[in-house]
Amino acid sequence: QVQLVESGGGLVQPGGSLRLSCAASGFTFSSYAMSWYRQAPGNERELVARITSAGAGTNYADSVKGRFTISRDNAKNTVYLQMNSLKPEDTAMYSCNADRRWMGKAYNYWGQGTQVTVSS
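This text gives an overview of the structure that appears in the document. (Residues numbered from 1 in each chain as written. Predicted model: local features only at pLDDT ≥ 70, side-chain atom pairs only at ≥ 80, totals over all residues. Heavy atoms only, no water.)

**Considering the overall build of the protein chain**
- Each helix and strand in the protein chain was counted, giving zero helices and eleven strands.
- For the protein chain, the N- to C-terminal ordering of α and β elements is β-β-β-β-β-β-β-β-β-β-β.
- Sequence separation of 24 or more characterises 53% of the internal contacts of the protein chain that already satisfy a separation of 6 or more.
- Per element, the accessible surface of the protein chain, about 6,500 Å² overall, is 45% carbon and sulfur.
- Within the protein chain, one finds 12 positive and 8 negative side-chain charges whose respective centroids are separated by 7 Å. (Helix = DSSP H or I, 4+ residues; strand = E, 2+ residues; numbered from the N terminus. Contact = heavy atoms within 4.5 Å. Areas by Shrake-Rupley, 256 points an atom, 1.4 Å probe, with all protein chains shown as cover. Lys, Arg positive; Asp, Glu negative; His and termini not counted. Charge placed at Lys NZ, Arg CZ, Asp CG, Glu CD.)

**Describing the side chain of Thr78**
- For Thr78, the location among the structural elements is in strand S8 (residues 78-83).
- Here Lys76 takes part through its backbone oxygen, which lies 2.8 Å from a polar atom of the side chain of Thr78.
- When neighbours within four sequence positions are excluded, Thr78 is seen to be in contact with Ser21, Cys22, Ala23, Phe29, Arg72 and Asp73. (Polar contact = N/O pair within 3.5 Å; in protein donor to acceptor, adjacent residues only side chain to side chain.)

**Brief notes about the nonpolar core**
- Ranked by size, the top nonpolar core spans 29 residues in total, and within it Met34, Trp36, Leu81, Met83 and Tyr94 carry the most contacts.
- Where this core is concerned, the elements lending two or more residues are strand S3 (18-25), strand S4 (33-39), strand S5 (46-51), strand S7 (68-73), S8, strand S9 (92-102) and strand S11 (114-118). (Core = buried A, V, L, I, M, F, W, Y, C linked by side-chain atoms within 4.5 Å. Buried < 20%, exposed > 50% of the residue type's maximum accessible area, 1.4 Å probe, protein only.)

**Observations concerning the environment of Tyr94**
- Within the secondary structure, Tyr94 sits in strand S9.
- For Tyr94, a relative accessible area of 0% corresponds to the buried category.
- Separated by 19 residues in sequence, Tyr94 and Gly113 place their C-alpha atoms 5.2 Å apart.
- Looking at Tyr94, its side chain comes within polar contact range of the main-chain oxygen of Asp90, at 2.6 Å.

**With respect to the sheet that holds S3**
- The sheet built from four strands is open, its strands ordered S1-S3-S8-S7 with antiparallel pairing. The outermost strands of the open sheet, each flanked by one partner alone, are strand S1 (3-7) and S7. Between one strand axis and the next, the sheet turns through 15 degrees on average, direction left out of account. (Pairing = 2+ DSSP bridges. Axes fitted to C-alpha atoms, helices over the stretch in contact; angles between N-to-C directions.)

**Quick look at the pattern of salt bridges**
- Counted by the stated rule, this structure contains five salt bridges.
- Across the salt bridge formed by Asp90 and Arg38, the nearest N and O atoms sit 2.9 Å from each other. Here Asp90 is found in the loop between S8 and S9, whereas its partner Arg38 is found in strand S4, with 52 residues between them in sequence.
- A relative accessible area of 0% places Asp90 in the buried class.
- Residues Arg67 and Asp90 are paired through a salt bridge, measuring 2.8 Å at the closest nitrogen-oxygen approach. Of the two residues, Arg67 is situated in the loop between strand S6 (58-60) and S7 and Asp90 in the loop between S8 and S9; the sequence distance between them amounts to 23 residues. (Salt bridge = Lys/Arg side-chain N within 4 Å of Asp/Glu carboxyl O.)

**Quick look at the environment of Gln82**
- Relative to the helices and strands, Gln82 is located in strand S8.
- On a C-alpha basis, the gap between Gln82 and Arg67 in space is 8.2 Å, while along the polypeptide they are 15 residues apart.
- Not counting residues within four places of it along the chain, the set of residues in contact with Gln82 comprises Ser17, Leu18, Arg19, Arg67, Phe68 and Thr69.
- In this structure the side chain of Gln82 is engaged in a polar contact, spanning 2.9 Å, whose partner is the side chain of Asn84.

The structure is reproduced here in structure tokens:
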């Protein structure tokens, strides 16, 4: 059974930091690119950061470049999102996603999400 379980969210003051984790099971983690998405109330879901299967390549939304860092540990089947210099506009539900294309098929899995609230 495929599972993606996020943790690490919470309430933090502006300028603070949080580290999100997403633990994966039930699929070959090292074969999948991993991403973090976020969605705030009334907004569309947006891609925050993505990392390739081996971790060699990353890309970020312009709004988080220089503040957030995505990483992964394939030995632990876990992807992380280090978030620094947090702003109130970073408040959202953060979800991790696993995706892969193989033999002409697309595979896509989602976690339940973890809430991040940035407020004084």
